[in-house]
Amino acid sequence: QAASLAMDDMLKWLDNEEWSGTMAIPAVTPTTNGVRKDRVGIFDATNSTIERREWVLKECTCGVKRAGKPTGVVFVESICDDK
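The following refers to the structure shown. As the structure is a prediction and not an experimental result, all values here were calculated from the model.

### Considerations on the packing of helix α1 (residues 2–14) against helix α2 (residues 50–61)
Packed helix pairs are specified by the crossing angle of their axes together with the interaxial distance, meaning the distance between the axes.
At step 1: At a minimum axis separation of 11 Å, α1 and α2 run at an interaxial angle of 30°. By the criterion of interaxial angle, the relationship of α1 to α2 is roughly parallel. Here the hand of the crossing between α1 and α2 comes out right-handed. Across the interface between the two elements, A3, S4, M7, D8, M10 and L11 of α1 pack against R52, W55, V56, E59 and C60 of α2.
At step 2: Counted by class, the contact of α1 with α2 contains 7 nonpolar, 1 polar and 3 charged residues.

This is the structure:
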């Protein structure tokens, strides 16, 4: 449930909707054809399973939930092989 709440909060922030966080949202936001081009959200979580990555991808790119709000997704994987 915590991951879902964090995802919702991140997407609201990306969309410049009402956001429960403390960071100020600028009054003037650069856009290209009405699409925001100035934000990057980092969803730092344990996304190590296929199911979890599919969930992240679906939440960020769902055509119904995210209609008119294109969101790219990049997975960054770090591997620690210290013994």
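### Examining the packing of aromatic side chains
At step 1: Per the counting criterion, the structure on display carries 1 aromatic pair.
At step 2: Between F43 and W55 the ring centres are 6.1 Å apart and the planes differ by 55°, which places this aromatic pair in the tilted class. Taken together, the residues span a long stretch of sequence, with F43 in the loop between β2 (35–36) and α2 and W55 in helix α2 at a distance of 12 residues.
At step 3: The exposure class assigned to F43 is buried, which follows from its relative accessible area of 17%.

### Quick look at the pattern of salt bridges
At step 1: Here the structure, examined in full by the defined rule, presents 5 salt bridges.
At step 2: Put simply, D15 and K69 hold a salt bridge, and the shortest N to O gap is 3.8 Å. Linking D15 in the loop between α1 and β1 (31–32) with K69 in the segment after α2, this pair joins segments that are 54 residues apart in sequence.
At step 3: Judged by its relative accessible area of 29%, K69 falls in the partly exposed class.
At step 4: Linked by salt bridges that have partners in common, D15, R66 and K69 make up one network.

What counts as what
- Residues numbered from 1 in each chain as written.
- Predicted model: local features only at pLDDT ≥ 70, side-chain atom pairs only at ≥ 80, totals over all residues.
- Heavy atoms only, no water.
- Axes fitted to C-alpha atoms, helices over the stretch in contact; angles between N-to-C directions.
- Helix = DSSP H or I, 4+ residues; strand = E, 2+ residues; numbered from the N terminus.
- Parallel < 35°, antiparallel > 145°, perpendicular 65-115°, else oblique.
- Left-handed = near helix turned anticlockwise from the far one by under 90°.
- Contact = heavy atoms within 4.5 Å.
- Nonpolar A, V, L, I, M, F, W, Y, C, P; charged D, E, K, R; others polar.
- Phe/Tyr/Trp six-rings, centres within 6.5 Å; stacked < 30°, edge-to-face > 60°.
- Buried < 20%, exposed > 50% of the residue type's maximum accessible area, 1.4 Å probe, protein only.
- Salt bridge = Lys/Arg side-chain N within 4 Å of Asp/Glu carboxyl O.

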